[in-house]
Amino acid sequence: MAAAPSIRLVLPTYNEADNLERLTAAVLESAPELGGILIVDDDSPDGTGRIADRLAAEDSRIEVLHREAKEGLGPAYVAGFRRALDEGADLIVQMDADFSHDPDDVPRLLAAMSEADLALGSRYVAGGGVGEWGRLRRAISRWGSVYARLWLGIPIRDLTGGFKCYRREVLEVIRPESVGALGYAFQVETTYRAQLAGFRIVEVPIVFSDRRVGESKMSRSIVAEAAFRVPLMRLRGRRWSRRPG
Ligand SMILES: Nc1nc2c(ncn2[C@@H]2O[C@H](COP(=O)(O)OP(=O)(O)OP(=O)(O)O)[C@@H](O)[C@H]2O)c(=O)[nH]1
Ligand SMILES: [Mg+2]
């Protein structure tokens, strides 16, 4: 029998003190096949990092990567992916720590990996959706994905989501450390590179809920970054067009 793949969850946190403990417990319960959770905390002022240390001391499946300052989601993921790869992970899951991504959806995302190299939790395929978001937030997300899809000419419906599972080879080929984006554009570019490199991408319907506790970190600059980076991705995309070796 083949050995079970080693699966790690990378969980970026910034001021998630009221969510983190419940979230790690819920994920470990719903997806016991997870080999470990790597919390990547950017020195959250609300003490999330200390909570993470306590959780790690209590449960050997939990580990913490402390970073010195808030640098944005992209760099936090890059650091987390690097650590997960160095530790030999075969599958690397990423999700938000604010319960917008349902811990009970993790097993479905993992199941999709039997026929995919990259599985995306998707709000914009049949069966997916968003919860009680305001009209503006809804429109930005929806039209952001359409905007990116039209520029990039790829069939993915939800390009900006942050609930994903990568096969390690994908991260080795697309080199997220060279993406540079901080916000949603990071999600778009990693998926775009994977598509151009010929990897199999599957969208798994999810319902995304608004964060229940904690403050929103969505900002105008993150949306603007995505708007200007997407056309640049298209221009530079050719170099990623190769099939994985
Ligand atoms: N390490 C780290 N984590 C971050 C940073 N920015 C956001 N996060 C975390 O990344 C995940 C997604 O960020 P959110 O702030 O929920 O972004 P969003 O879902 O677009 O917006 P809101 O839910 O409205 O705040 C959450 O777990 C955050 O705590 C950052 O700069 N560094
Ligand atoms: Mg959120």
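All of the points below concern the structure found in this document. Since we're looking at a predicted model, the values are computed, not measured.

### Brief notes about the packing of helix 1 (residues 20-30) against helix 2 (residues 48-58)
Then step 1. Across the interface, helix 1 lies against helix 2 with an axial gap of 10 Å and an inter-helix angle of 35°. The way helix 1 lies across helix 2 gives a crossing that is right-handed. Each of Leu20, Glu21 and Thr24 in helix 1 lies in contact with helix 2, whose residues at this interface are Thr48, Ile51, Ala52, Arg54 and Leu55.
Then step 2. Class assignment for the residues of the contact of helix 1 with helix 2 results in four nonpolar, two polar and two charged.

### Observations concerning the sheet that holds strand 2 (residues 36-41)
Then step 1. Strand order in the open sheet formed by seven strands is 3-2-1-4-7-5-8, with mixed pairing between adjacent strands. Of all strands in the sheet, those bounded by a partner on one side alone are strand 3 (62-66) and strand 8 (201-205). Neighbouring strand axes in the sheet, compared pairwise and without regard to direction, differ in orientation by 20° on average.
Then step 2. Of the strand pairs in this sheet, strand 1 (residues 7-13) and strand 4 (residues 91-94) are connected by four bridges, and their pairing is parallel.

### Focus on the site of ligand 1
Then step 1. Among the 19 residues in the neighbourhood of ligand 1, the closest are listed as Glu16, Asp42, Asp98, Tyr184 and Ser216.
Then step 2. Within the contact set of ligand 1, an oxygen atom lies 2.9 Å away from a backbone nitrogen or oxygen of Pro12.
Then step 3. Among the cavities detected, the one that contains ligand 1 is the largest pocket.
Then step 4. Listing elements by their share of the shell around ligand 1, those giving two or more residues are strand 1 and helix 3 (73-86).
Then step 5. Each residue belonging to the shell around ligand 1 can be placed in one class, and the counts come to seven nonpolar, three polar and nine charged.

### Quick word on helix 2
Then step 1. When we look at burial in helix 2, the residues that qualify are Thr48, Gly49, Ile51, Ala52 and Leu55. An end-on view of helix 2 places all buried positions within 155° of arc, on one side of the element. Those residues of helix 2 that are exposed and angled more than 90 degrees off the buried face are Arg50, Ala57 and Glu58.
Then step 2. The inward-facing, buried residues of helix 2 abut strand 1, helix 1, strand 2 and strand 3.

### Quick word on the packing of aromatic side chains
Then step 1. Considering all chains together, one arrives at four aromatic pairs under this definition.
Then step 2. Judged by centre distance (5.4 Å) and plane angle (70°), the ring pair of Phe81 and Tyr166 falls under edge-to-face. Remark: Tyr166 occurs in strand 7 (residues 164-167) and Phe81 occurs in helix 3; sequence separation between them is 85 residues. There is no split in this pair, since Phe81 and Tyr166 are both buried.
Then step 3. One aromatic cluster in this structure is built from Tyr77, Phe81, Tyr166 and Phe186.
Then step 4. A cation sits over an aromatic face here: Lys70 above Tyr14, 4.7 Å from the ring centre.
Then step 5. The cationic tip of Arg123 hangs over the ring face of Phe208; the distance from NZ or CZ to the ring centre is 5.2 Å.

### A short note on unusual backbone geometry
Then step 1. Backbone geometry places Asn15, a non-glycine residue, at a positive phi of 55°.
Then step 2. The phi dihedral of Asp43 falls on the positive side, at around 50°, and the residue is not glycine.
Then step 3. On the secondary structure map, Asp43 appears in the loop between strand 2 and helix 2.

### Description of the layout of surface pockets
Then step 1. Roughly 940 Å³ of volume is contained in the largest pocket.
Then step 2. Taken together, 44 residues line the largest pocket, and the ones lying closest to its centre are Leu73, Arg137, Tyr184, Met218 and Ile222.
Then step 3. The set of elements that each furnish at least two residues to the lining of the largest pocket consists of strand 1, helix 3, helix 5 (135-152), helix 7 (184-196) and helix 8 (220-236).

About the criteria used
Residues numbered from 1 in each chain as written. Chains lettered and ligands numbered in written order. Predicted model: local features only at pLDDT ≥ 70, side-chain atom pairs only at ≥ 80, totals over all residues. Heavy atoms only, no water. Axes fitted to C-alpha atoms, helices over the stretch in contact; angles between N-to-C directions. Helix = DSSP H or I, 4+ residues; strand = E, 2+ residues; numbered from the N terminus. Left-handed = near helix turned anticlockwise from the far one by under 90°. Contact = heavy atoms within 4.5 Å. Nonpolar A, V, L, I, M, F, W, Y, C, P; charged D, E, K, R; others polar. Pairing = 2+ DSSP bridges. Near = heavy atom within 4 Å. Polar contact = N/O pair within 3.5 Å; in protein donor to acceptor, adjacent residues only side chain to side chain. 1 Å grid on protein atoms, 1.4 Å probe; cavity = no way out; pocket = protein on both sides within 12 Å on 5 of 7 lines; lining within 4 Å. Sits in = over half its atoms within 2 Å of the grid points. Buried < 20%, exposed > 50% of the residue type's maximum accessible area, 1.4 Å probe, protein only. Arc of directions from axis to C-beta. Phe/Tyr/Trp six-rings, centres within 6.5 Å; stacked < 30°, edge-to-face > 60°. Lys NZ or Arg CZ within 6 Å of the ring centre and 35° of its normal. Points joined across faces, edges and corners; volume = space filled by probe spheres on them.

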